[in-house]
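# Coordinates in review
As a plain string of letters, each chain reads:
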Amino acid sequence: MKELLFGAAYYDEYMPCERLAQDVAMMKKAGINTVRIAESTWSTCEPQEGVFDFSHVERVMDVMEEAGINVIIGTPTYAVPTWMVKSHPDVIAETVHGRGIYGARQIMDITHPVYLFYAERVIRELMKCTAHRKCVIGYQIDNETKYYGTAGKNVQERFVKYLREKFHDDLDAMNREFGLDYWSNRINAWEDFPDVRGTINGSLGAEFEKFQRTLVDKFLSWQADIVNEYRRNDQFITHNFDFEWRGYSYGIQPDVNHYHAAQCLTIAGVDIYHPTQDDLTGAEIAFGGDMTRSLKNGNYLVLETEAQGYPGWTPYKGQLRLQAYSHLASGANSVMYWHWHSIHNSFETYWKGLLSHDFQENDAYREACLIGQEFQKIGKYLINIKKKNEVAILVSNEALTALKWFGIQATAAGNDGIGYNDVVRWIYDALYQMNVECDFIWPESENLNQYKAIFVPALYAAPDELLQKLNRYVADGGNLVATFKTAFANENVKVSHEVQPHILNNCFGVEYHQFTFPKNVGLKGTVVGENPEAEAKIFMELLISKGAEVLAHYDHYNWKEYAAITKNHYGRGTAVYLGCMTDQATLKAVMKDILQSAQVELPIYSYPVIVRKGINDFGKNVKYFFNYSAEEQNVPYIYKNGVELLAENPIKAQENLNIPAWGVKIVEECDEQ
Amino acid sequence: MKELLFGAAYYDEYMPCERLAQDVAMMKKAGINTVRIAESTWSTCEPQEGVFDFSHVERVMDVMEEAGINVIIGTPTYAVPTWMVKSHPDVIAETVHGRGIYGARQIMDITHPVYLFYAERVIRELMKCTAHRKCVIGYQIDNETKYYGTAGKNVQERFVKYLREKFHDDLDAMNREFGLDYWSNRINAWEDFPDVRGTINGSLGAEFEKFQRTLVDKFLSWQADIVNEYRRNDQFITHNFDFEWRGYSYGIQPDVNHYHAAQCLTIAGVDIYHPTQDDLTGAEIAFGGDMTRSLKNGNYLVLETEAQGYPGWTPYKGQLRLQAYSHLASGANSVMYWHWHSIHNSFETYWKGLLSHDFQENDAYREACLIGQEFQKIGKYLINIKKKNEVAILVSNEALTALKWFGIQATAAGNDGIGYNDVVRWIYDALYQMNVECDFIWPESENLNQYKAIFVPALYAAPDELLQKLNRYVADGGNLVATFKTAFANENVKVSHEVQPHILNNCFGVEYHQFTFPKNVGLKGTVVGENPEAEAKIFMELLISKGAEVLAHYDHYNWKEYAAITKNHYGRGTAVYLGCMTDQATLKAVMKDILQSAQVELPIYSYPVIVRKGINDFGKNVKYFFNYSAEEQNVPYIYKNGVELLAENPIKAQENLNIPAWGVKIVEECDEQ
Amino acid sequence: MKELLFGAAYYDEYMPCERLAQDVAMMKKAGINTVRIAESTWSTCEPQEGVFDFSHVERVMDVMEEAGINVIIGTPTYAVPTWMVKSHPDVIAETVHGRGIYGARQIMDITHPVYLFYAERVIRELMKCTAHRKCVIGYQIDNETKYYGTAGKNVQERFVKYLREKFHDDLDAMNREFGLDYWSNRINAWEDFPDVRGTINGSLGAEFEKFQRTLVDKFLSWQADIVNEYRRNDQFITHNFDFEWRGYSYGIQPDVNHYHAAQCLTIAGVDIYHPTQDDLTGAEIAFGGDMTRSLKNGNYLVLETEAQGYPGWTPYKGQLRLQAYSHLASGANSVMYWHWHSIHNSFETYWKGLLSHDFQENDAYREACLIGQEFQKIGKYLINIKKKNEVAILVSNEALTALKWFGIQATAAGNDGIGYNDVVRWIYDALYQMNVECDFIWPESENLNQYKAIFVPALYAAPDELLQKLNRYVADGGNLVATFKTAFANENVKVSHEVQPHILNNCFGVEYHQFTFPKNVGLKGTVVGENPEAEAKIFMELLISKGAEVLAHYDHYNWKEYAAITKNHYGRGTAVYLGCMTDQATLKAVMKDILQSAQVELPIYSYPVIVRKGINDFGKNVKYFFNYSAEEQNVPYIYKNGVELLAENPIKAQENLNIPAWGVKIVEECDEQ
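The model shown is predicted, which means the values in this text are computed figures rather than measured ones. (Residues numbered from 1 in each chain as written. Chains lettered and ligands numbered in written order. Predicted model: local features only at pLDDT ≥ 70, side-chain atom pairs only at ≥ 80, totals over all residues. Heavy atoms only, no water.)

### Notes on the side chain of Thr238(B)
Residues and elements named next belong to chain B. Considering the arrangement of structural elements, one finds threonine 238 in strand β7 (residues 236-238). A polar atom in the side chain of threonine 238 sits 3.1 Å from the backbone nitrogen of glycine 269. Once you skip the residues sitting within four places of it in the chain, threonine 238 turns out to touch Tyr139, Gln140, Ile141, Leu265, Ile267, Ala268, Gly269, Leu301 and Leu303. (Helix = DSSP H or I, 4+ residues; strand = E, 2+ residues; numbered from the N terminus. Polar contact = N/O pair within 3.5 Å; in protein donor to acceptor, adjacent residues only side chain to side chain. Contact = heavy atoms within 4.5 Å.)

### Regarding the packing of aromatic side chains
Summed over all chains, the structure comprises 186 aromatic pairs over all chains. Here the aromatic rings of Phe6(B) and Tyr337(B) are separated by 5.8 Å at their centres, their planes lie at 80 degrees, and the arrangement is edge-to-face. Note that Phe6(B) is positioned in strand β1 (residues 5-9) and Tyr337(B) in strand β13 (residues 334-338), a separation of 331 residues in sequence. The same class applies to Phe6(B) and to Tyr337(B), which are both buried. Through successive ring pairs, a cluster of aromatic residues spans Tyr11(A), Tyr14(A), Trp245(A), Tyr273(A), Tyr310(A), Trp313(A), Trp338(A), Phe347(A), Trp351(A), Tyr182(B) and Trp183(B). Positioned over the ring face of Phe515(B) is Lys352(A), at 4.1 Å from the centre of the ring. (Phe/Tyr/Trp six-rings, centres within 6.5 Å; stacked < 30°, edge-to-face > 60°. Buried < 20%, exposed > 50% of the residue type's maximum accessible area, 1.4 Å probe, protein only. Lys NZ or Arg CZ within 6 Å of the ring centre and 35° of its normal.)

### Structural notes on the interface of chain A and chain C
How big an interface is tends to be expressed through the accessible area that disappears when the partners come together. If you look at the interface, chain A gives 56 residues, while chain C gives 57 residues. Surface buried jointly by chain A and chain C totals about 4,700 Å² across both partners, of which 53% is contributed by carbon and sulfur atoms. Contact with chain C buries surface across chain A, with Tyr182(A), Trp183(A) and His497(A) losing the most and accounting together for 17% of the total. Remark: the boundary between chain A and chain C carries two salt bridges. Here Asp279(C) ties to Lys519(A) by a salt bridge, and the two come within 3.8 Å at their closest N and O atoms. At the surface where chain A touches chain C, the tally comes to 35 residue pairs in polar contact (both at pLDDT 80 or more). Contributing elements (two or more residues each) for the side of chain A that touches chain C: α7 (171-178), α8 (202-228) and β18 (510-516) of chain A. With five residues, β18(A) is the largest single contributor of residues to the side of chain A that touches chain C. (Buried area = accessible area lost by both parts, 1.4 Å probe. Salt bridge = Lys/Arg side-chain N within 4 Å of Asp/Glu carboxyl O.)

### Some points on the UniProt feature "domain: Beta-galactosidase trimerisation" (unreviewed entry) in chain A
Mapped onto this numbering, the UniProt entry gives "domain: Beta-galactosidase trimerisation" (unreviewed entry) at residues 390-600 of chain A. Secondary structure within residues 390-600 of chain A divides into 25% helix and 29% strand; the distance between the first and last C-alpha atoms comes to 7 Å. (UniProt positions renumbered as here; feature names shortened; annotations may be inferred.)

### Here's the deal with the UniProt feature "domain: Glycoside hydrolase family 42 N-terminal" (unreviewed entry) in chain A
Using the residue numbers shown here, the UniProt feature "domain: Glycoside hydrolase family 42 N-terminal" (unreviewed entry) corresponds to residues 10-378 of chain A. In residues 10-378 of chain A, helix accounts for 39% and strand for 13%; the two terminal C-alpha atoms are 25 Å from one another.

### Digging into the sheet that holds strand β31 (residues 664-669) of chain A
Residues and elements named next belong to chain A. An order of β25-β26-β31-β28-β29 is seen for the five strands of this open sheet, with the pairing classed as antiparallel. Only two strands of the sheet have a single neighbouring strand rather than two, namely β25 (609-615) and β29 (649-651). Between one strand and the next, the sheet's axes are offset by a mean angle of 25 degrees, whatever the strand orientation. As defined by bridge partners, strand β28 (residues 642-644) adjoins β31 across three bridges and the pair is classed as antiparallel. What sits directly across from valine 643, in β31, is glutamate 668. Strand contacts of helix α11 (residues 319-329): β25, β26 (621-627) and β31, with the helix running at about 145 degrees to β26, the strand carrying the most contacts. (Pairing = 2+ DSSP bridges. Axes fitted to C-alpha atoms, helices over the stretch in contact; angles between N-to-C directions.)

### A few points about the pattern of salt bridges
Within the structure shown, the criterion is met by 147 salt bridges over all chains. For the salt bridge of Glu207(B) with Lys166(B), the shortest nitrogen-to-oxygen distance reads 3.1 Å. Here Lys166(B) lies in helix α6 (residues 153-166) and Glu207(B) lies in helix α8 (residues 202-228), a separation of 41 residues in the sequence. A residue is classified by how much of its surface remains accessible, and Lys166(B), at 28% relative accessible area, is partly exposed. Note that Glu437(C) and Lys613(C) form a salt bridge whose closest N and O atoms lie 3.8 Å from each other. In this pair, Glu437(C) is assigned in the loop between α14 (420-433) and β15 (438-441) and Lys613(C) in strand β25 (residues 609-615), connecting sequence segments 176 residues apart.

### A short note on the domain arrangement of chain A
Residues and elements named next belong to chain A. Considered domain by domain, chain A is made up of domain 1 (5-152 + 208-382), domain 2 (391-597) and domain 3 (609-669). Look at where the C-alpha atoms of domain 2 and domain 3 centre, and you get two points 34 Å apart. Across the boundary between the two partners, domain 2 contributes five residues, which contact six residues of domain 3. For the domain 2 and domain 3 pair, buried surface summed over both sides reaches about 550 Å², with 36% attributable to carbon and sulfur atoms. Area buried by domain 2 at its contact with domain 3 is led by Tyr432, Asn435 and Glu437, which between them contribute 90% of it. Where domain 2 meets domain 3, there are two salt bridges. (Domains from an automatic or database assignment.)

### Quick look at the relation of the copies chain A and chain C
Note on the copies: chain A fits chain C at an RMSD of 0.0 Å, the axial shift is 0.0 Å, and the rotation between them is 120 degrees. Interpreted geometrically, this transformation is the action of a three-fold axis. (Least-squares fit on C-alpha atoms with pLDDT ≥ 70 in both.)

### Quick word on helix α14 (residues 420-433) of chain A
Residues and elements named next belong to chain A. Across its 14 residues, α14 extends 20 Å between first and last C-alpha, which sits within 8% of the 20 Å expected from 1.5 Å per residue. Counting buried positions along α14 yields 13 of 14 residues, so the element is predominantly enclosed. At the exit of α14 stands asparagine 435, carrying a positive phi of roughly 60 degrees. (Expected span 1.5 Å × (residues − 1).)

### Things to note about unusual backbone geometry
Note that the residue after Trp338(B), namely His339(B), is joined by a cis bond; omega there is 5 degrees. Position of His339(B) relative to the elements: it lies in the loop between β13 and α12 (363-382). With a phi angle near 70 degrees, Lys485(A) is a residue other than glycine that sits in the positive phi range. Looking at the secondary structure, you find Lys485(A) in the loop between β17 (479-483) and α16 (505-508). Residue Lys485(A) is classed as buried on the basis of its relative accessible area of 3%.

### Focus on helix α8 (residues 202-228) of chain C
For α8(C), spanning 27 residues, the distance from its first C-alpha to its last is 39 Å, which sits close to the expected 39 Å at 1.5 Å a residue. Where burial is concerned, most of α8(C) is hidden: 21 out of the 27 residues are buried.

### What to know about the interface of chain B and chain A
Taken together, the 56 residues of chain B in the interface contact 57 residues of chain A. For the pair chain B and chain A, the summed buried surface comes to about 4,700 Å²; carbon and sulfur atoms form 53% of the total. Of all residues in chain B, Tyr182(B), Trp183(B) and His497(B) bury the most surface against chain A, accounting for 17% of the area lost on that side. Our count for the chain B to chain A interface comes out at two salt bridges. When contributions to the side of chain B that touches chain A are tallied by element, the ones reaching two or more residues are α7 (171-178), α8 and β18 (510-516) of chain B. The residue inventory of the side of chain B that touches chain A, partitioned by class, reads 24 nonpolar, 19 polar and 13 charged. (Nonpolar A, V, L, I, M, F, W, Y, C, P; charged D, E, K, R; others polar.)

Written out as structure tokens, the structure reads:
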């Protein structure tokens, strides 16, 4: 990519009055060089079946081209027009709750031939009208695609075919692997296959969700194929991935396997939303960035992030800028707001854009102007940042789904409590706060050996091959840290009937036969030191060391003979096992221990001072220093001499680095000291 | 009205044994002079289609007439008989949840011709049997009518016709005004109109609810027309309105526009339920009374209020009497309990009447006897009380609905939090506690100039004409107080794209481009004084003064440059803007400031001493002094010499007025000092 | 029964690998002598319609017979195979939520002829294959049977026929008794009978639930009849009853009348699940045991109880053993775990068995070995324990259902709050903690006079005959303790219109006309003494003594004239009335008072030391001393000289009895001192 993209989604269609010229003028003033258009506008592009009207698209391209602003075209397929549903009511997905009612986006059956027929036609028409345009730099296919719970007859019949293939038509094998004998769920003829929406079998249910995720892969790659027929080589193809939503971007997306779905893209894209004001930590920006960068092992686009967002997100002074650089620091080549202007009607009226409903300059816009000017000035030093991280976190959609069916804190009273992503974020956030940058890897990843240390949160459901791969990684000299709930069930959510942790027991040098929920259970041991607040939380496995060093054991009259945290030398490597969730201090002590022995660099800085780094197009090291607090931070600069890019000041090693409240400093190191 | 009505709903139909003679005797002993009957008894009045049996009605009228007790006849239409639903299952309303199952009241489609056909016939038969009866003083049409979510095909087709008329068949105008382009909801042919039950468009959704409210208006006026064909001129026609229900009568009824629906009545009627015991404040009685009195600008009927009610409402000694006089003090000409006796079966068994299930005298009944005797003795001084309030509160169903779609505290995680009525009650209750009596006005009201001060809580959705009317009110010398969330969107819930507050910005001398949720945000400024607990709550607009005096600004490091509460002189009047919700003390300080400059009388009394006043049929001032606490209150009597009516004692200005716990004193002033 | 049954449910069908020989070896080592098999395995027993395959059953019987392990055969009918639902979708029950989707157990219509046809056939085939086997000691028909909400057309038509019979075809009688006139629910022709699923009439609704419970009785007795055709005389027939589920076995089962349903069994069976670790109190074991023993007035089988169960239940050392003896101490002749091994798939994967998923020995298994050895050694002294309790608690499904419709804490805002079982457990648990053992009795029980004292919690809905029976019980010298909400409505949930408490008012010497929820209401009086924490909770009736001694009155300025707890001599007996729920100390003081005057033995021991007793097959008194705490307990042994069976030590009266943490001592008294 040649320049950082700074911009916003722009909806000429939604404007309450003629604004285009004024908007472009305000964009130029703000240094905005890219807009994303057309996404979700099917009903204006094709007002009636077969009648196309791309006038909004055309006029925006015309004006943007004139103004030198790039355009990203989004295919409009993630919300269907009324005429389609009126003629073909069954394009609305049938879910476990029955068939939906028209209104919301993302409620259609993405496998339905009627939907696919119309979607293909509108995409082709849109491509014809846009692919040749100079301003158009790339395409976003669909938006935040998921499978929307689609589980109608057609989907279920495909699922049965998928199972017949998976099990080579061997019903017995399926019954055995999924444990369908239980509660008389055994299927003794394929034609008896029951409506899977009602299943209580976690293996079958999780398999269906995995199958549904493949529908997303297929749909996106089908769209990409169509777009590829038209796009120029210099035009990218991306998608706007999103995350598990807890009112903000929290963790792995349960309904999409990002790693699979990203295969058909030329560059990964993402939206990242997060709390601000006193709750702005940068963790979500880093998490979402590290994950999206890892998808295709390269730079990525932030296609959406909040400008003002909901009232609780109205940024404090400095925060918008802090956020923008935080995205770049993770490897993003763009910062694009959702969206330019706040919408005056409908549903997301309070998901405010850079401009409020009044289109006036406001504090957020004024800060965007500053960001835009800085990007123009120093963007060339910040674009295409490459990272070479020493640490990775292994994540798995299958583990997530399995732990949804079998909740970590599930009791006979219900399946509430924390989920997989809570464990992922427990690990990730501690590394983030310690300023240990990391990549994400997936079960299929083959590049394990490039990492000095790999963290494996709650890898509950995993194929034997993956566990063996982890075994080899340690044997070959790697440093592995896994948490409770790892290596318990196979990829079909069948719990191992051999010793737990399955396959990895020798690697970790532990086994366990029992587990429980900790109540008033402390932790004692070398790794804990004198911390009186060390405690086991949420879930605890009653570990028995089979040679591992016990870093901590449980401090409770009934569980005191069991280990809680262990460390084992295996082959040429080391494996740490966390048998329970712990307080932050204990976790960080464990991490520090293993990372030090893994010879991973441990910065002296810690949250709220966040340091992120990479190598830029000039081959130079760039280091970001963020202050995620309302108090000014003064820290020593300990790296090579360089230039603080924002102020254009030279900086020497050991000099004091002053970072204002919610501020940022960026140092490009000199080649020589 | 000639005499205060004191009474109860009476259901001979529900009696487990023959009770009529005994009940009348107990009523006479209690001074009860009115019963309401027949309401909700369709299945006894018309046991089979076309077979009528008014024997319960007849025998009650006979006995009441004999005993000199008035009868109010309720049409029985708010609960349908089984035979109707068995023959015509589709009279049950189809809502967003599908079609209901027979059982509850208020689940039919009030637009369904089958329902209307049968309803008309039973009303006509009932009128024939009752209209000529001497004891029958009036009619209540239906009961607590709402639209019950009716949204089936027939209703939706009427709605489309309504929209075609509203937009003069101009689809583009509708799409633009409702912002339907968003998320591809645009409707490009009327025949494509989707099932509105699924809409996520707040403008369309709110319009549908407004349309549904007109169904209530039409239904009631249709009933009134039928009743009018039969009733004598001396017989009134009323309806039993109710309020937003939070386990008690809380605020504006979301599903009915009372102001519109009341047009067809000769006198407004209402039910008011409220907490008692330690939680009895009188606020709901005053609120419901002030609102109902304002509907037709005159006295009104309390058709239902609690006697014993649910177990948590069992009144303390004195409370039933305190409540009765509180109703009168708001302008009620009746106090009628729901209901005479507690019901022995079905659903509202624990909504107890004046008598418990055992029909014995009990504390509540004994207190009713006291009330009845006092009403007989001094009722003539208390009936037909007229008020001339200097203050009004402007309320709006459209604002309420819009703030349901766009919750004040909505976040990207959900639409929870306070609603419109919380803001209304925040304003109302402060005035109530300060003993500033007020009327209610509606967007259509034309009598603004009669008020020295008008309070406008959260008028989120309002037509330009209304905002211009408020502008003129201030320009002409009025005193206006509006809160946050006022003048933000038009009547179609389209947010203004001009400066906020829309149209009123000059009047208030402020504007704002941003808003947020306050977290640890204090208030500082002249109106706050030394109050360390002054704080911004719930929602805060970042006000920029354009000439207004800043009464308070936000006390927070990031927001301190913004104003919170402002006061502006505009034309000959004054306009105060509350940019945030505040603590009670700050609100009252603001109110005191504006009311003093508006020359509104500010009594020295304050809650728990409540003073309410009016002019009686003798043209004399009557003042009620209520003690809403468990502690005796001693206050100076500061008005003209008069007579305390309950004890028949003269009272002089500056004498001490002793009001016992949960007690009341009523003073009729002498003409001369 | 000849020997204590110690065992587990065993599912050869669910095994992930060949385990039978190893499992039997581990069972033998643990002293396990019984397994329960076949329950819920329909889809393996009859893989296709009419194709039977009992190979799993056969091979388990073969091996168990060889090993000398008893087998209990469960009929597999509580979960239906896929082929049945595929061919006959309407065997899935239609409930108030519509028809379910295949997947879970217990979702079929137990009245559906298709289901019954297939169920009968598979039972007959299973009986043919098992009844002659030596190892088969008995049958469990179905499992935890309920009516699963079945309310389709067929069920409703049967219900109407049931009502026609109940009311002798007299619609007026039904309308009157159920109060259907209310809200126009009156039914004026049987053919108008509405869909009962929508009813809001508590009488009709409760009657329907009572009718639905009879479906369970009929279904079980129909199964028993089939089994009886085949079983040998030495083979028992039982059922696995369960309780109201609050994440563990809490109280009376709302959906089954155990007393009725148990008629067709030769021995009662039950599953009991309960919290463990710090929350293990023994109360659920005792409650469930006392209730199940009372069903058929004899020993019973614990067919399921937890081994490890959910992670929160992983037992502390000693607890599994403590639990096992606690079951025996209530009169159980078996302790059977659910289940042998933890299941590797599906739904109850975390409802762990004696073995974890790894089939290894673990702490729980090791403790089971100890239990098994002890049972073999001393079981003959502990089997067939007979009790002769002096105290009974009267429970009623009808009261439970009625208080679900009319919640004790229901308000105009909703029907939340405690239910019938909370009152039952409030009474039961206090007796348990005081070591007063009790039986349960039901409305139909005729053996009242055998008890010195009867406790009646919240007998809200009761026929006059039952209340008269209680009256006679007291008149004849009995001691009756009833709580608030007793004798308020008849069996049709029609509230009495005579004085409350209905019929029993003279017996208790009180009446009341009003009630309320206590807020800050203390209690004062002789029974309270100096306890400053005595308070009225949840619900309080405003009692007026009509001759009763007032043990406590309400301490509140408005309610102080009303009695809270009274005691009355009536005939030759005494009747105590608790007008409110109270703190534990007050309740126990009341209990102590009445039990002393009833000359019921009051042990000196109290929780956490629990004493349970009975007479064994040798006619000797056996006394269990349990320590339900983590601290060792030392108490005097105050009974006759005897032998502590576990340690085989003699013990003398007044010697110290040391009970370790979570420990147990068992004394068989000598005949002579």
